[in-house]
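A closer look at the structure
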Amino acid sequence: KPEILSIDIFKRMHNELLNAITPEMDIRIQQTGFSFHEILTLSSLVERETNSKFEKKAIASTLLNRLKYNMKLQTDPSVSYGVYLYLNKITKKDLYFKHRYNTYAYYGLPPGPIDSPGLNSINAVLWPVNTKFLYFVSKNGKTHEFCETYLCHLNPIKK
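Note that the structure is a prediction, hence the values are computed from the model and not measured.

Bringing the overall build of the protein chain into the picture now. When helices and strands are tallied, the protein chain shows eight helices and two strands. Helices (α) and strands (β) of the protein chain occur, in sequence order from the N terminus, as α-α-α-α-α-α-α-β-β-α. Compactness check: the protein chain gives a C-alpha radius of gyration of 16 Å against a globular reference of 15 Å for 159 residues, within 12% of the reference. Expressed as lengths along the three principal axes of its C-alpha atoms, the size of the protein chain is roughly 50 × 40 × 25 Å. In the protein chain, which comprises 159 residues, the share counted as buried stands at 36%. As displayed, the protein chain offers around 10100 Å² of accessible surface, 55% of which is attributable to carbon and sulfur atoms. Charge separation in the protein chain, taken as the distance between the mean sites of 21 positive and 14 negative side-chain charges, equals 7 Å.

Below you can see the structure in the form of structure tokens.
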């Protein structure tokens, strides 16, 4: 049966994830004040934002800074996760569509992961670079421009 196969795949993925978490990572998770579920949720946002190992750490830092200042995370991948018909481009209408995964509509983390994060994304959340970034904009779908202020953030948006 397909549903049994899906459950088996999920269990295998879950076990592989748990086996990949080192004792050092487990200690760091406890130090962050976030639950394992929250770490995975945040890591999934990082996973969907970039493939760049360095940028993962900067994006993680930015998202953690936004959480620290009680700002909305405002990540496009979280918006697309809840859009019924996603055509590879977020519209203004999508930003205002209220679903619990829309980080433009709600503060804090979405209810759960939007992707299966890799170890690089999890490590980026556990050990982000130390920045004051509060904003980032995708330059070409592969790299991002990071900013500490909203005024700085407006320039790359115009580009």
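We are not done yet, so read on.
As for its position among the elements, F34 is in the loop between α2 (23-32) and α3 (36-49). A C-alpha to C-alpha distance of 9.9 Å links F34 and L126, two positions 92 residues apart in sequence. Beyond its immediate sequence surroundings of up to four residues, F34 is in contact with I29, I39, L64 and L67.

Once that is clear, we can look at helix α4 (residues 53-68). If you check α4, its first and last C-alpha atoms are 23 Å apart, about what 16 residues at 1.5 Å a residue would give, namely 22 Å. Buried residues of α4: E55, K56, A58, I59, A60, S61, T62, L63, N65 and R66, and no others. Taken together, the buried residues of α4 touch α3, α7 (119-126), β1 (135-138) and β2 (144-147).

In this sheet, β2 lies alongside β1 in antiparallel orientation, the contact comprising four bridges. Bridged to F136 within β2 is F146. From the end of β1 to the start of β2, which pair antiparallel, there are five residues, and G141 there has a positive phi angle of about 85°.

Rules of the game
- Residues numbered from 1 in each chain as written.
- Predicted model: local features only at pLDDT ≥ 70, side-chain atom pairs only at ≥ 80, totals over all residues.
- Heavy atoms only, no water.
- Helix = DSSP H or I, 4+ residues; strand = E, 2+ residues; numbered from the N terminus.
- Rg over C-alpha atoms; globule rule 2.2 N^0.38 Å.
- Buried < 20%, exposed > 50% of the residue type's maximum accessible area, 1.4 Å probe, protein only.
- Areas by Shrake-Rupley, 256 points an atom, 1.4 Å probe, with all protein chains shown as cover.
- Lys, Arg positive; Asp, Glu negative; His and termini not counted.
- Charge placed at Lys NZ, Arg CZ, Asp CG, Glu CD.
- Contact = heavy atoms within 4.5 Å.
- Expected span 1.5 Å × (residues − 1).
- Pairing = 2+ DSSP bridges.

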